[in-house]
Protein chains: 2
Amino acid sequence: MKKVVVIGGGTGTSMVLSSLKALKEIDLSAIVSVADSGGSTGRLRDEFGFQPVGDLRQALAALASQEIKNQKSKIKNRQGENSWIQDLLLYRFSKGNGLEGHNLGNLILTALQDMTGSTAKAIEMASKIFRLHGHIYPITTKPVNLVIEYSDGTVEIGEHILDDTNKHAGDRIIGIKTSPRAEIYSQAKLAITNAGVIIIGPGDLYGSIMPNLVIGGAPEIIRSSKAKLVFIMNLMTRYTQTHNMSANDHLGIIEKQISRKVDTVIMNNGKIPPKILKAYKEQHEYPVIDNLKKVIGKRIIRVNLIRSTLVKQNLADAVHRSYLRHDPEKLKQILNKII
Amino acid sequence: MKKVVVIGGGTGTSMVLSSLKALKEIDLSAIVSVADSGGSTGRLRDEFGFQPVGDLRQALAALASQEIKNQKSKIKNRQGENSWIQDLLLYRFSKGNGLEGHNLGNLILTALQDMTGSTAKAIEMASKIFRLHGHIYPITTKPVNLVIEYSDGTVEIGEHILDDTNKHAGDRIIGIKTSPRAEIYSQAKLAITNAGVIIIGPGDLYGSIMPNLVIGGAPEIIRSSKAKLVFIMNLMTRYTQTHNMSANDHLGIIEKQISRKVDTVIMNNGKIPPKILKAYKEQHEYPVIDNLKKVIGKRIIRVNLIRSTLVKQNLADAVHRSYLRHDPEKLKQILNKII
């Protein structure tokens, strides 16, 4: 059984996990960031003092069983290919004093953290309830915050800054680290050591990917792993994180951090519909420019990863910045070939 | 497979369900009240407008699988014989703005109600997630409030009044009904029709049991059922509901409501430790006096149902009014004989 490890957090990693869980003969592990500080997760973090659960919840939803089906029930607000159990974990309360904005999955994980006194054990229990196809490990067992340094010397603390278009949007980030320093969780380390394939991305470079790679011991263990290292390039830049950055820029930051070359890069070459481009442009966000041809000694897979059903949606949906996603079916096919 | 239906709500019904689910060859259904208006349930009801879920959540926890175990994890605050999945469903947030006081199980059911638009479907889905040993049906699919009438003619609305020691404590209730009128849920009706045994109680007479029996169609269907009808008598009176009421008084109210005699009454004859009695007395609550001997043509089973581990606990625990419970193991043995 091929051991595949996905490193990241957020919707990009969720999508990769969803694509992979459909493949047979794979032992799948997700290693996710625990540095969130915004939204529902941030509120819970502030109020309870546990590790933030946002990225864990998304991975949990992605890997939850799809076998628990209910044909008789008509679910409102279904999101694409999600099963209803995934919808439940991602459910967000739209009213209720103090409840509004909270994800149910976050609340379940918070209750389990409180009951067990440990994020790792909370995830282990949630894995049993929701019959996970795979394993989920936090990158570290310590609650950490991100420290972000910009090219002008400004330092900010908190992952939520990376989503805030009113602060430092367009500014160049020169590095992130965690406060306090933290070591990689032993189970995450073991999963990377034993992996046959490691997949990084897509996802927010500084909000989801790098928060894993700056944890103590993570670069070394990835560097010494015999696994094939795959990087899935983002489709678009983010104004608050990767403004003006090319494909080579993205790759360079990761390779520098882990002091190792990536074996395979998956890069979209599909055309993004003009209406979508226009909506993103209004938010100062653009397709990641493919300048990878200059890189030697690396397998670059260029493929159309754009979801074809996209243009059928209305523009109001498209304006939402996370609307444009890699096509899970196309991604599944390409990952199946690589693995 | 013997079909057993338990009618009620609250901790009494939960305990009966926990006892019964360990018995083999039983097809178990719980029919529970949906008239709560206090606490976490009441807040959710006010804010979301769905049927109250408190009694459903307790039945869900009682019937959830105990097979999902986690020996490695040490759970804090374990409650007696509950499994950790039951602890999770009963988990109550002890902090968090707006979250404090909410039960996680209530939040899960509320999310499912919102997703499906139906309490019955929400319970059906929760049943699949938590691998239920049995079925749970709300007595009605309509959101209702209790209307309570006292002997001096006072009328109050809301189930929470029945828990309020500052209002009408010690006053005699002469009747309850729902506002608006509601009909019995078809699946609950079917379960009663097909039952071999129906068990009512223990539990709050006016807060848990009668809210089922005053639903339109419920008395008729229980009356016409060929099932053996069992009533488990409460251990103690409640100052806000059954002050000064004897065993015969409890039984009379139920039999009058359904216009049918109960076949078997289970009555405690075990001695309640003096320290416990004293703590209850301070709250004007006393053992239900057994005056059933005067009743003819009914099988009365008198048995020691007091939990023997009780006296080992400290008095601080004992003061909590719901502390004194029927012993699940003793109850299981007696129910096994009857069924």
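Trainee: Can you lay out the overall build of chain A for me, pointing to particular residues and giving the numbers?
Mentor: Along its length, chain A carries 13 helices and ten strands. Among the 339 residues that make up chain A, the fraction classed as buried is 58%. Counting only contacts in chain A whose residues sit at least 6 apart along the sequence, the fraction spanning at least 24 positions is 74%. Of the roughly 14300 Å² that chain A leaves accessible, carbon and sulfur atoms contribute 48%.

Trainee: Tell me about the domain arrangement of chain A, and name the residues and values.
Mentor: The accessible area lost on association of the parts is a frequent measure of interface size. All names here are of chain A. You can read the domains of chain A as domain 1 (1–33 + 182–339) and domain 2 (36–138). On the side of domain 2, 18 residues touch domain 1, which itself brings 21 residues to the contact. Interface area, domain 1 with domain 2, both sides summed: about 1500 Å², of which 54% is carbon and sulfur. Across the contact surface, domain 1 and domain 2 share zero salt bridges. Applying the counting rule to domain 1 against domain 2 returns nine residue pairs in polar contact (both at pLDDT 80 or more). Where the side of domain 1 that touches domain 2 is concerned, the elements lending two or more residues are α1 (10–21), β2 (26–32) and α7 (186–194). A breakdown of the residues in the side of domain 1 that touches domain 2 according to their chemical character gives nine nonpolar, nine polar and three charged.

Trainee: So, helix α13 (residues 328–338) of chain B: which residues are in play, and what are the values?
Mentor: The periodicity of an α-helix, 3.6 residues per turn, causes residues three or four positions apart to be oriented the same way. All names here are of chain B. Along α13, the positions that sit buried rather than exposed are Pro-328, Leu-331, Ile-334, Leu-335 and Ile-338. An end-on view of α13 places all buried positions within 130 degrees of arc, on one side of the element. Next to the buried residues of α13 lie α1 (10–21), β7 (197–200), β8 (228–232), β9 (264–268) and β10 (299–303). Of the residues that open α13, the one with a side-chain oxygen 2.8 Å from the backbone nitrogen of Glu-329 is Asp-327.

Trainee: Can you explain the sheet that holds strand β5 (residues 155–157) of chain A? Please cite residues and give values.
Mentor: Residues and elements named next belong to chain A. Here three strands make up an open sheet; going across it, the order is β5-β4-β6 and the pairing antiparallel. Strands with a single pairing partner mark the edges of an open sheet, and in this sheet they are β5 and β6 (173–179). On average, each strand axis in the sheet is tilted by 20 degrees relative to the strand beside it, whichever way the strands run. Most of the contacts of helix α8 (residues 205–213) go to β6, to which it runs at about 55 degrees, and overall it touches β4 (145–150) and β6.

Trainee: Could you give an account of the packing of helix α2 (residues 39–48) of chain A against helix α5 (residues 104–116) of chain A, naming the residues involved and the relevant values?
Mentor: Residues and elements named next belong to chain A. At a minimum axis distance of 10 Å, the contact between α2 and α5 shows a crossing angle of 25 degrees. As judged from the angle between their axes, α2 and α5 are roughly parallel. α5 is crossed by α2, and the crossing has right-handed handedness. For the pair α2 and α5, contact is made by Ser-40, Thr-41, Leu-44 and Phe-48 and by Asn-106, Leu-107 and Thr-110, respectively.

Trainee: Break down the sheet that holds β8(B) for me, with residues and values.
Mentor: Residues and elements named next belong to chain B. Ordered by their spatial adjacency, seven strands build an open sheet running β3-β2-β1-β7-β8-β9-β10, and the pairing between neighbours is parallel. Strands with a single pairing partner mark the edges of an open sheet, and in this sheet they are β3 (135–138) and β10. Taking each pair of neighbouring strands and ignoring which way they run, the sheet shows an average axis angle of 20 degrees. Bridge count for β7 against β8 is four bridges, and the pairing is parallel. The residue of β8 that forms the bridge with Val-197 is Lys-228. Contacts from helix α3 (residues 54–63) reach β2 (26–32) and β3 within the one sheet, and its direction differs from that of β3 by about 175 degrees.

Trainee: Now, about the packing of aromatic side chains: what can you tell me, with residues and values included?
Mentor: The final tally for this structure, using the stated rule, is eight aromatic pairs over all chains. Measuring from ring centre to ring centre gives 5.8 Å for A:Phe48 and B:Phe93, while their planes differ by 70 degrees; the resulting arrangement is edge-to-face. One end of the pair, A:Phe48, is in helix α2; the other, B:Phe93, is in the loop between α4 (84–90) and α5 (104–116), on a second chain. Using a relative accessible area of 7% as the deciding quantity, one classes A:Phe48 as buried.

Trainee: Let's hear about the pairing of β8(B): which residues, and what values?
Mentor: Residue and element names in this part refer to chain B. The element β8 is largely enclosed, with a buried count of four among its five residues. When β8 meets β9, the two strands line up parallel, connected through three bridges. Bridge pairing in β9 links Phe-231 to Val-265. Considered for its hand, the β-α-β crossover made up of β8, helix α10 (residues 247–258) and β9 is right-handed.

Trainee: Tell me about unusual backbone geometry, and please be specific about residues and values.
Mentor: Here A:Ser179 and A:Pro180 are connected by a cis peptide whose omega angle stands at -5 degrees. Secondary-structure assignment places A:Pro180 in the loop between β6 and α7. Residue B:Pro202 is bonded to the preceding B:Gly201 through a cis peptide linkage, with omega at -5 degrees. Within the chain, A:His168 stands out as a residue other than glycine whose phi angle is a positive 65 degrees. Taking the relative accessible area as the measure of exposure, A:His168 reaches 17% and is therefore buried. If you check the backbone angles, A:Ser259 has positive phi at about 50 degrees while not being a glycine.

Trainee: I'd like to hear about the pattern of salt bridges, residue by residue, with values.
Mentor: By the definition in use, this model includes 14 salt bridges over all chains. With its nearest N and O atoms 3.6 Å apart, the salt bridge here joins B:Lys278 to B:Glu282. When its relative accessible area of 54% is taken as the criterion, B:Glu282 is described as exposed. Bridged by salt links that share partners, the residues A:Asp163, A:Asp204 and A:Arg238 form one connected network.

Trainee: How would you explain the side chain of B:Ser208 if you had to name every residue and give the values?
Mentor: Inspection of the secondary structure puts B:Ser208 in helix α8 (residues 205–213). Residue classification places B:Ser208 among the buried positions, given a relative accessible area of 7%.

Trainee: Summarise the packing of α1(A) against helix α13 (residues 328–338) of chain A; cite the residues concerned and give the values.
Mentor: All names here are of chain A. It is at 9 Å that the axes of α1 and α13 come closest, and there the two elements cross at 65 degrees. The handedness of the crossing between α1 and α13 comes out as right-handed. In this structure, α1 uses Met-15, Val-16, Ser-19 and Leu-20 to contact α13, whose residues at the interface are Pro-328, Leu-331, Lys-332 and Leu-335. Here the contact of α1 with α13 is built from residues that sort into six nonpolar, one polar and one charged.

Trainee: Residues and numbers for the nonpolar core, please.
Mentor: Membership of the largest hydrophobic core comes to 206 residues, with the highest contact counts inside it found for A:Phe130 and B:Phe130. Excluding residues within four positions of it along the chain, B:Phe130 makes contact with A:Ile129, B:Leu60, B:Ala64, B:Ser65, B:Ile85, B:Leu89 and B:Ile108.

Trainee: Run through α1(A), naming residues and quoting values.
Mentor: Residue and element names in this part refer to chain A. The first and last C-alpha atoms of α1 sit 17 Å apart over twelve residues, in line with the 16 Å expected at 1.5 Å per residue. Judged by how many residues are buried, α1 sits mostly within the fold: ten of twelve residues are covered. Taken as a whole, α1 has its buried residues at Gly-10, Gly-12, Thr-13, Ser-14, Met-15, Val-16, Leu-17, Ser-19, Leu-20 and Lys-21.

Trainee: Explain the environment of B:Ser37 to me, using residue names and the numbers behind them.
Mentor: Residues and elements named next belong to chain B. Relative to the helices and strands, Ser-37 resides in the loop between β2 and α2 (39–48). Between the C-alpha atom of Ser-37 and that of His-243, which follows or precedes it by 206 residues, the distance is 22 Å. Setting aside residues no more than four positions away along its own chain, Ser-37 makes contact with Gly-42, Asn-145, Gly-158, Glu-159 and His-160. Only 2.9 Å separates the side chain of Ser-37 from the backbone nitrogen of Glu-159, close enough to count as a polar contact. Within polar-contact distance, the side chain of Ser-37 engages the side chain of His-160 at 2.7 Å.

Thresholds, definitions, all that
- Residues numbered from 1 in each chain as written.
- Chains lettered and ligands numbered in written order.
- Predicted model: local features only at pLDDT ≥ 70, side-chain atom pairs only at ≥ 80, totals over all residues.
- Heavy atoms only, no water.
- Helix = DSSP H or I, 4+ residues; strand = E, 2+ residues; numbered from the N terminus.
- Buried < 20%, exposed > 50% of the residue type's maximum accessible area, 1.4 Å probe, protein only.
- Contact = heavy atoms within 4.5 Å.
- Areas by Shrake-Rupley, 256 points an atom, 1.4 Å probe, with all protein chains shown as cover.
- Domains from an automatic or database assignment.
- Buried area = accessible area lost by both parts, 1.4 Å probe.
- Salt bridge = Lys/Arg side-chain N within 4 Å of Asp/Glu carboxyl O.
- Polar contact = N/O pair within 3.5 Å; in protein donor to acceptor, adjacent residues only side chain to side chain.
- Nonpolar A, V, L, I, M, F, W, Y, C, P; charged D, E, K, R; others polar.
- Arc of directions from axis to C-beta.
- Pairing = 2+ DSSP bridges.
- Axes fitted to C-alpha atoms, helices over the stretch in contact; angles between N-to-C directions.
- Parallel < 35°, antiparallel > 145°, perpendicular 65-115°, else oblique.
- Left-handed = near helix turned anticlockwise from the far one by under 90°.
- Phe/Tyr/Trp six-rings, centres within 6.5 Å; stacked < 30°, edge-to-face > 60°.
- Right-handed = clockwise from strand over helix to strand, strands pointing away.
- Core = buried A, V, L, I, M, F, W, Y, C linked by side-chain atoms within 4.5 Å.
- Expected span 1.5 Å × (residues − 1).

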